[in-house]
Amino acid sequence: MNNLELGLTLEALLLASPHLPTDKALRIVLLPGELYSIPTRQHQVRVLSGTAWVSSNGTDYQVESGESLPIEGAKHSALISDAEANPLVFEVL
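Residues numbered from 1 in each chain as written. Predicted model: local features only at pLDDT ≥ 70, side-chain atom pairs only at ≥ 80, totals over all residues. Heavy atoms only, no water.

Enquirer: Looking at this structure, how should I read the pattern of salt bridges?
Expert: Two side chains carrying opposite charge are able to pair once their charged atoms lie near each other. Under the defined criterion, the tally for this structure stands at 2 salt bridges. A salt bridge links E91 to R27; its shortest N-O distance comes to 2.9 Å. Here the residue E91 occupies a position in strand β8 (residues 88-92), and R27 occupies one in strand β1 (residues 26-30), the gap between them amounting to 64 residues. The exposed category is assigned to R27, whose relative accessible area is 55%. Put simply, R46 and E91 hold a salt bridge, and the shortest N to O gap is 2.7 Å. Placement of the pair is R46 in strand β3 (residues 44-49) and E91 in strand β8, with a sequence separation of 45 residues. Each of R27, R46 and E91 takes part in one network of salt bridges that share partners. (Salt bridge = Lys/Arg side-chain N within 4 Å of Asp/Glu carboxyl O. Helix = DSSP H or I, 4+ residues; strand = E, 2+ residues; numbered from the N terminus. Buried < 20%, exposed > 50% of the residue type's maximum accessible area, 1.4 Å probe, protein only.)

Take a look at the structure:
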C-alpha cells in the first residue's frame, strides 16, 4: 500500500465511521518527503516531534514540536508535511 492509498484509507475510515469519537487524537508519523491530507472534520493539529509545514485555507504555517494549530473552518483538507527533512510525529483532533 502506498502513501496515497493509506491517506485515502484513513479519510474513508473517518468519513464512514460517524460513531468514532471526535475528542480522540489520531497520532500519525510522516517520514521525510511524505505529505498527509488532514480531513476537514479534524479541528486541530498538535506536533509532538519535529517541525511541521501546514497549508490550510490558502495560508502556510510552521508548527514546532509542542505547538498546536487550530484548523477549524477549513473549506478543504489541510496539508501537512515535515519542514526539516526529519520524521514528523503529530496528532489530529
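Text resumes after the structure shown.
Enquirer: What is the right way to read the sheet that holds strand β6 (residues 68-70) from this model?
Expert: Sheet strands pair via backbone hydrogen bonds, and the direction of the pair is either parallel or antiparallel. Reading across the sheet, the 4 strands line up as β1-β8-β3-β6 and stay open at both edges, with antiparallel pairing between neighbours. With one partner strand each, in any of the chains shown, β1 and β6 form the two edges of the open sheet. Ignoring strand direction, the axes of neighbouring strands in this sheet form an average angle of 25 degrees. Where β1 and β8 come together, 5 bridges link them in antiparallel fashion. (Pairing = 2+ DSSP bridges. Axes fitted to C-alpha atoms, helices over the stretch in contact; angles between N-to-C directions.)

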